[in-house]
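# Architecture and fold: a report
Spelled out from the first residue to the last, the chains are:
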Amino acid sequence: MVATNASYIGAEVVRSDAREKVTGSARYAGDLKFDRMLHAKLLRSKYAHARLVRVDASKASRLPGVKAVVTGGDFPHRMGLYLVDRTPYAVDKVRYYGEPVAGVAAISPDVAEEALSLIEVEYEELPPVLDLLEAVKPGSPLVHPELHEYEHVPAIFPVPHTNISNHFRIRKGNVDAGFAEADLIVEDTYYVPHIQHSPIEPHAAIALYDSQGKLTIWASSQSPFAMRKILSQSLKWPMHKIRVIGPYVGGGFGGKAGLNVEATLVPLAMKARGYAVKLVCTREEEFRDTFVRQGMWCRLKTGVKRNGRITAQEFEMYWDGGAYTEYGVNVTRAAGYSSAGVYDIPNMKTDSYCVYTNKPVGGPLRGFGHGENHWAIEQHMDQIAHKLGMDPVEFRMVNLQREGSTNATGQVLHNVGIGKCLEEAARLIGWTKVTGPGRPEPGAKKVRAKGIACMTKAPAMPNDAASTAIVKVNDDGTVVLNISAQELGQGAFTVLAQICAEELGVRYEDIRIYPVDTDHGAYEWQTVASRITYSCGRAVMEAARDARRQLVDHASKYFGVRAEDIGVAGGEVFVRTDPRRRVPVGKLALGATLPDFSGYGGPIVGRGKFIPEGIVAMDAETGQSPKPVANWTYGAQAVEIEVDLETGKIEVKKVAAVYDAGRVINPVTAAAQVEGGVVQGLSIALFEEMKFDDKGRLLNPSYVDYKIATAAEIPEMLIGFVEVPQEDGPYGARGIGEHVMVPTPPAIANALFHAVGVRMRRLPMTSESVYWACKSK
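All of the points below concern the structure found in this document. Keep in mind the model is a prediction, meaning the values are calculated, not measured.

A separate point is the pattern of salt bridges. Under the criterion given, the structure shown has 50 salt bridges. Where Asp 320 meets Lys 359, a salt bridge forms, and the shortest distance between an N and an O atom there is 3.0 Å. Of this pair, Asp 320 sits in strand 14 (residues 310-322) while Lys 359 sits in the loop between strand 15 (348-356) and helix 10 (370-388); the two residues are 39 residues apart in sequence, bridging distant segments of the chain. Given the relative accessible area of 3%, Asp 320 is considered buried. Here the salt bridges do not stand alone but share partners, grouping Arg 44, Glu 284, Glu 285, Arg 288 and Asp 289 into one network.

Right, let's get into the layout of surface pockets. If you add up the space inside the second largest pocket, you get close to 990 Å³. What lines the second largest pocket is a set of 42 residues, among which Leu 81, Tyr 82, His 152, Val 153 and Lys 229 lie closest to the centre. No other element matches the 7 residues that helix 6 (residues 224-235) contributes to the lining of the second largest pocket. Looking at the lining of the second largest pocket, its residues break down into 24 nonpolar, 8 polar and 10 charged.

Glancing now at the pairing of strand 14. Counting buried positions along strand 14 yields 13 of 13 residues, so the element is predominantly enclosed. Pairing of strand 13 (residues 295-304) with strand 14 involves 10 bridges; the strand directions are antiparallel. Within strand 14, the residue paired with Val 304 across the bridge is Ile 310. Taking the residues between adjacent antiparallel strands as the criterion, strand 13 and strand 14 are bridged by 5 residues, where Gly 308 takes a positive phi near 95 degrees.

Further remarks concern the nonpolar core. Within soluble globular proteins, side chains that are nonpolar tend to cluster in buried spots. Formed by 224 residues in total, the largest nonpolar core has its most connected members in Leu 231, Ile 483, Ile 650 and Met 765. Non-local contacts of Ile 650, meaning those with residues more than four positions away in its chain, are made with Ile 641, Glu 642, Val 643, Leu 686, Ile 748, Leu 752, Met 765 and Val 770. Of all hydrophobic cores here, the second largest spans 14 residues; its members include Leu 63, Val 104, Val 111 and Ala 112.

With antiparallel pairing, 3 strands are arranged side by side in an open sheet as 4-2-6. The open sheet terminates on both sides in strands that have one partner only, identified here as strand 4 (93-94) and strand 6 (120-125).

How each quantity is defined
- Residues numbered from 1 in each chain as written.
- Predicted model: local features only at pLDDT ≥ 70, side-chain atom pairs only at ≥ 80, totals over all residues.
- Heavy atoms only, no water.
- Salt bridge = Lys/Arg side-chain N within 4 Å of Asp/Glu carboxyl O.
- Helix = DSSP H or I, 4+ residues; strand = E, 2+ residues; numbered from the N terminus.
- Buried < 20%, exposed > 50% of the residue type's maximum accessible area, 1.4 Å probe, protein only.
- 1 Å grid on protein atoms, 1.4 Å probe; cavity = no way out; pocket = protein on both sides within 12 Å on 5 of 7 lines; lining within 4 Å.
- Points joined across faces, edges and corners; volume = space filled by probe spheres on them.
- Nonpolar A, V, L, I, M, F, W, Y, C, P; charged D, E, K, R; others polar.
- Pairing = 2+ DSSP bridges.
- Core = buried A, V, L, I, M, F, W, Y, C linked by side-chain atoms within 4.5 Å.
- Contact = heavy atoms within 4.5 Å.

Okay, here's the thing in structure tokens:
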């Protein structure tokens, strides 16, 4: 608790959701139970690419206990947030191994499972498109021959009659002239595999189509309002006929953005009208049948002068978007406009391609597009530094973006904190000059080294993504903060309650926030893109200020003094010149009762809204814009690793992580974000990869075969924050949630090169791959 005269901004308050989660009373979608509940199971494709010749569900429909059976033919509506290319169930053909072909709703999971076994499906197998680079060649089988017919947002550029669902371009300056003036040109290729989000809570949802013709969905979702919008557009229903309720989410990392498995429940609920139909994904389904992070292959070419100044960059990225790229197209776009990284590069050419293949559906994963392109950029910078005989930190300092620099989109930058981040990360790790590959001493069994990497990222969202907040003051002095940001475990409710308490002058403990409900809640675009503290925080600030103005007005009448003489703090309203004259906030919450017993004012309801202003669409041919995004967050990470030369095992001993948060609202939750991001980045660097056979089948859909980091891998962490204020952020704050895992893998790779002289261009850096790379050096 903070003293009444202290600020909640920058304070270490206890998380607002701590008690519920520690005691196990927090409710998630999978915990919900209803009368007349049915259980859904999905029949999934046995092929990665095949024509559906016949689907006969008649036997399943007649099984006692089965209330509804649906196939693609029953519900052929296409859906998608950015590109409308996906149906809940396969229609005419399947496009990945595991795609839903039919769904069953029954009185128990066992009956639903038995019904699936009675559905007869006849396939005509088609050649699968599994190789990313083969998929873009002329004559490759088309995953979506109808691509030219699909609806999409204006910022997406599909290439008709190909497997390319988006081609994003950057053309800045004169890249040929830039390479011509270079003294050194370095070119290399890099690869990242498909990976999964691995939330503790799997996808879960319940759908009810009631007697009034209204569809209600309870879902573990980062995007209740976006889900409502997608369904409304696809079904051509008015939005008031669709309601989405979002209880706590047990980890999302982007995988629960947009519309996902929830769509499969809609036709089942419509057929089983009046029943609540529930689906909880198995862990195997969670791996294969929800969004995955796309694989990405890229080629990066950079020209530099002898003094270390970069003159030109050419960047070509191919993204393995999988069977449907309705969200994945935006990943390729984000990677394209951030393709300069943290560097001021005068001449650039970037091509970022989203490619259909017959693999699981690609979508957003924490920091999407940036973990992948920075894997290449930040290794590439180290490679160039060593070829020039420069220390990697020194080389970066020469080329960092600064006040007045331009990025890939030509935007003139302000509030650039990367220089301070890099300096502090280097100081914390104890950086010493490095000018070449590591050469272990003969007979050495283990060797230590340090590496460093930088990052930048902007919120990847539409230009008009908005937030609203409503503050209702109750007559017992408590406050209802009505927002629709989702609490995913990141501490959003805590930080937003701190802002509300600070502005309104009430106790943080008296703020109440309830689950998202699109029928009753304030609007929020999505809880993605590390935008909630920035965007929703501003809306909360405005709503609390609005409520405070009403409260002060009531108090002015009540005490008979000027409004400027009224103070509000710690849940009390008082006269500044005579603090003995004070009343609880609750006494004035419904209005003021004046000496003649007449009323004044009325119940206090504050309203706030925010939309980032001035964002201008990028040019379709060049990607140039004076302001393409809301803001940029910068950061740097340095690592110290130990490599076992006999096994190839990398142990990360220490990480120094420094990010420019603009203003830290809560140091504990901010540090927790960094800690979690570092561990997830470490896990991606050393362990994670989804593996497929030559038929497109996922080989490791379980934690037995798909490794993630555990508590045993957590390194010592030195965490720092730089505070260069964001001009339109609340108290100067900007988001850091996704950013903190981006530079971890390249920092480890750079440390590995400094340790043993081996350059790893493909993730993950497993013990086996490092061992053989050392042997073949």
